[in-house]
Amino acid sequence: MAKHSACLVLNAGSSSLKFSVFRDDPTRARLQPVLSGQVSGIGGTARLEAKDAERRVIAERYWSADQSLSRQDLLDHVLAWISTTLDGDHIVAVGHRVVHGGPDIAEPRVVSPALLEELQQLVPLAPLHQPHNIAPMRLIAERFPDLPQVACFDTAFHRGQPWVTRTYALPKELTADGVCSYGFHGLSYEYVSRTLLAARPELARSRIVICHLGNGSSVCAVQNGRSVDTSMGFTALDGVPMGTRSGALDPSVIFYLVREYGMTLEDVETLLYTRSGLLGVSGLSNDMKVLLESTDADAHQAVELFCFRVAKEVAAQSASIGGLDALVFTGGIGENAPRVRELIAERLAWLGVELDAHANAARHDEIGAERARARSFVVPTNEELMIAQHTLALLREARSPLPAARPAPPPRRPVAALLRQAARRPRTFLALKGTAPR
């Protein structure tokens, strides 16, 4: 049997490893899914579940915490299982999701030792994600040195934003060193905007706001298929509340927690990343489905706060593009929680948003009322397919083998170096001209 080229996509998180395989079939207009799955519960009772292209479960396995399997052991198991499962497909490249590309990376890049070092320097910007994104690249480079790998970045889609949406009101020295808004969920926003505009070309010049709502949530203003503004900024902690992340808050809250509660920076980081958001407000769960089904008053408050903050952010993003022509929901919550969409839309009636109750409940692609000034849509995201498309496109451009990785650009005192330098300094962070106001 003739083998088809296929791309393996890996999305490694703090407690899970998602994987997908896509076939590059020249007789089809788009890449074809072959299988997908994930290892969840890493660090505890790990569970592997894999499905075929028809979403039927084809493999399940559990490992108890007593077996003490490392991430590398689990990745080795996944790679071995995939190699024995594929029939008629040959993995020609591996695409990776990487949360942070820093100030200089604006497109997918070939994985090389130089790139890995560059990405390692960005760990302080995404400490809960970046190390896990990098680890599989190193392992595959060691196990399969001739297999091309491509890194695709969540920050890249936002790289072309205007300076005014990327810049904080901080001294220019800090801005020049990369302390600015980067934005995240870019692979999702890129896929959703492409999919929407392909299906609805009349929206090409429209003012669109996309809500990526899930355990991690953000909102993005898109026009002409390009990111103009987004709610996440310097890190993936900013913006709307999430499953366990606080979202935006007054920075002085951190000073207060350190001074009055005696918290260390590590304590505050843990609090804001893992004990806040839906979980923190409800005291019950970070799972929106659980909260919607609960009769607990705190669970209802968590849902209400989430929807209020998302609607508030949609309004802010609309201001960045001068209005709102279309509102799009995506992500696990955005795609599967009609009640959440309804609550958000109710707060945006003044912007022309109104949902059709039947279409919303039935999960139609277009869910807006006919009389609404702004159209509303649900577009399922597929970050893995976006990564596979980028990876194989880069492979085709090179016409095999992939070109040698470009050297890393000379750093402009990269952020990681700046942070290390700042840690060694006394209280005065920068020598600034003038006197600070009282």
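Fair warning: this is a prediction, and the values are worked out from it, not measured in the lab.

Now for the sheet that holds strand β3 (residues 32–40). One open sheet holds the eight strands; their spatial order is β5-β4-β3-β2-β1-β6-β8-β7, and the pairing between them is mixed. Each end of this open sheet is capped by a strand with a single partner; those strands are β5 (57–63) and β7 (109–110). Across the sheet, helix α3 (residues 130–143) touches β1 (4–12), β6 (89–98) and β8 (149–153), and the angle it forms with β6 is around 150°.

Turning next to the confidence of the model for the chain. Here the chain averages 90 in pLDDT, and 90% of its residues register 70 or above. Long-range and interchain partners of residues 402–412, a stretch whose pLDDT sits below 50, account for 19 contacts in this model, where long-range means more than four residues apart. Overall, residues 422–438 carries pLDDT values under 50, and its contacts beyond four positions in sequence, including any with other chains, amount to nine contacts.

Looking at the secondary structure, you find serine 206 in the loop between α6 (186–199) and β9 (208–212). Those residues in contact with serine 206 that sit more than four places away from it in its chain are Val222, Gln223 and Asp325.

It is worth spelling out the nonpolar core at this point. With 36 residues, the main nonpolar core has Leu213, Phe306, Val310, Val314, Val340 and Ile344 as its most contacted residues. The set of elements that each furnish at least two residues to this core consists of β9, β10 (218–223), α10 (288–293), α11 (297–320), β12 (326–330) and α13 (338–346). Among the elements that make up this core, the one with the highest residue count is α11 (eight residues). Residues within four places of phenylalanine 306 in sequence aside, it is in contact with Leu213, Ser217, Pro241, Leu278, Met288, Ile333 and Val340. Ranked by size, the runner-up nonpolar core spans 32 residues in total, among them Cys152, Leu203, Phe377 and Ile387.

What follows concerns the pairing of strand β2 (residues 17–24). Bridge count for β1 against β2 is eight bridges, and the pairing is antiparallel. From the neighbouring strand, alanine 6 faces β2, where its bridge partner is arginine 23. Two successive antiparallel strands, β1 and β2, enclose a turn made up of four residues. As judged from the seven bridges shared by β2 and β3, these two strands associate in the antiparallel manner. Looking at the pairing, serine 20 lines up with serine 36 of β3.

Once that is clear, we can look at helix α8 (residues 265–274). Listed as buried for α8 are Val268, Leu271, Leu272 and Tyr273. Those residues of α8 that are buried are in contact with α7 (252–261).

Next up on the list: the packing of aromatic side chains. Enumeration according to the criterion identifies three aromatic pairs in this entry. Taken together, a centroid distance of 6.2 Å and an interplanar angle of 40° make the contact between tyrosine 182 and phenylalanine 234 tilted. Of this pair, tyrosine 182 sits in the loop between α5 (172–176) and α6 while phenylalanine 234 sits in the loop between β11 (226–230) and α7, and the two are 52 residues apart along the sequence. Judged by relative accessible area, which is 1%, tyrosine 182 ranks as buried.

Right, let's get into the sheet that holds strand β13 (residues 375–378). Reading across the sheet, the five strands line up as β11-β10-β9-β12-β13 and stay open at both edges, with mixed pairing between neighbours. A single partner strand is all that each edge strand has here, and the edge strands are β11 and β13. Strand-to-strand, the axes of this sheet are offset by a mean angle of 25°, without reference to chain direction. Bridging between β10 and β11 involves four bridges; their strand directions are antiparallel. Paired with valine 222 across the strands is serine 227, a residue of β11. On the sheet, α6 packs against β9, β10, β11, β12 and β13 and is oriented at approximately 130° with respect to β9. Contacts between α11 and the sheet are confined to β9, β10, β11 and β12, with β10 contributing the most and set at about 25° to the helix.

Most of β9 is tucked away, with five of its five residues classed as buried. The side-chain alternation of β9 yields two buried faces, one formed by Ile208, Ile210 and His212 and the other by Val209 and Cys211. Here β9 runs beside β10; their pairing, made up of five bridges, is antiparallel. Paired with valine 209 across the two strands is alanine 221, which belongs to β10. Hairpin geometry of β9 and β10 is characterised by an intervening segment of five residues between the two adjacent antiparallel strands. As paired strands, β9 and β12 are joined by five bridges and run parallel to one another. Bridging from a neighbouring strand, cysteine 211 pairs with phenylalanine 329 of β12.

Unlike most non-glycine residues, arginine 55 shows phi in positive territory, near 65°. Mapped onto the elements, arginine 55 comes out in the loop between β4 (46–52) and β5. One non-glycine residue with positive phi stands out, namely asparagine 224, at about 55°. Within the secondary structure layout, asparagine 224 lies in the loop between β10 and β11. The exposure class of asparagine 224 is partly exposed, given its relative accessible area of 45%.

For the rest of this paragraph, the subject is the environment of leucine 257. Of note, leucine 257 is situated in helix α7. Along the backbone, leucine 257 and valine 268 are eleven residues apart, and their C-alpha atoms lie at a distance of 7.4 Å. Excluding anything up to four places from it in sequence, leucine 257 contacts Gly262, Met263, Val268 and Leu271.

Let's shift gears to the packing of helix α2 (residues 113–120) against α3. Axis separation between α2 and α3 bottoms out at 10 Å; the angle between their running directions is 165°. By the angle between their directions, the pair α2 and α3 is classed as roughly antiparallel. Handedness of the α2/α3 crossing: left-handed. Listed contacts from α3 to Leu116, Leu119 and Gln120 of α2 are Gln130, Ile134, Met137 and Arg138.

Cut-offs used in this document
- Residues numbered from 1 in each chain as written.
- Predicted model: local features only at pLDDT ≥ 70, side-chain atom pairs only at ≥ 80, totals over all residues.
- Heavy atoms only, no water.
- Pairing = 2+ DSSP bridges.
- Helix = DSSP H or I, 4+ residues; strand = E, 2+ residues; numbered from the N terminus.
- Contact = heavy atoms within 4.5 Å.
- Axes fitted to C-alpha atoms, helices over the stretch in contact; angles between N-to-C directions.
- pLDDT = per-residue confidence, 0-100.
- Core = buried A, V, L, I, M, F, W, Y, C linked by side-chain atoms within 4.5 Å.
- Buried < 20%, exposed > 50% of the residue type's maximum accessible area, 1.4 Å probe, protein only.
- Phe/Tyr/Trp six-rings, centres within 6.5 Å; stacked < 30°, edge-to-face > 60°.
- Parallel < 35°, antiparallel > 145°, perpendicular 65-115°, else oblique.
- Left-handed = near helix turned anticlockwise from the far one by under 90°.

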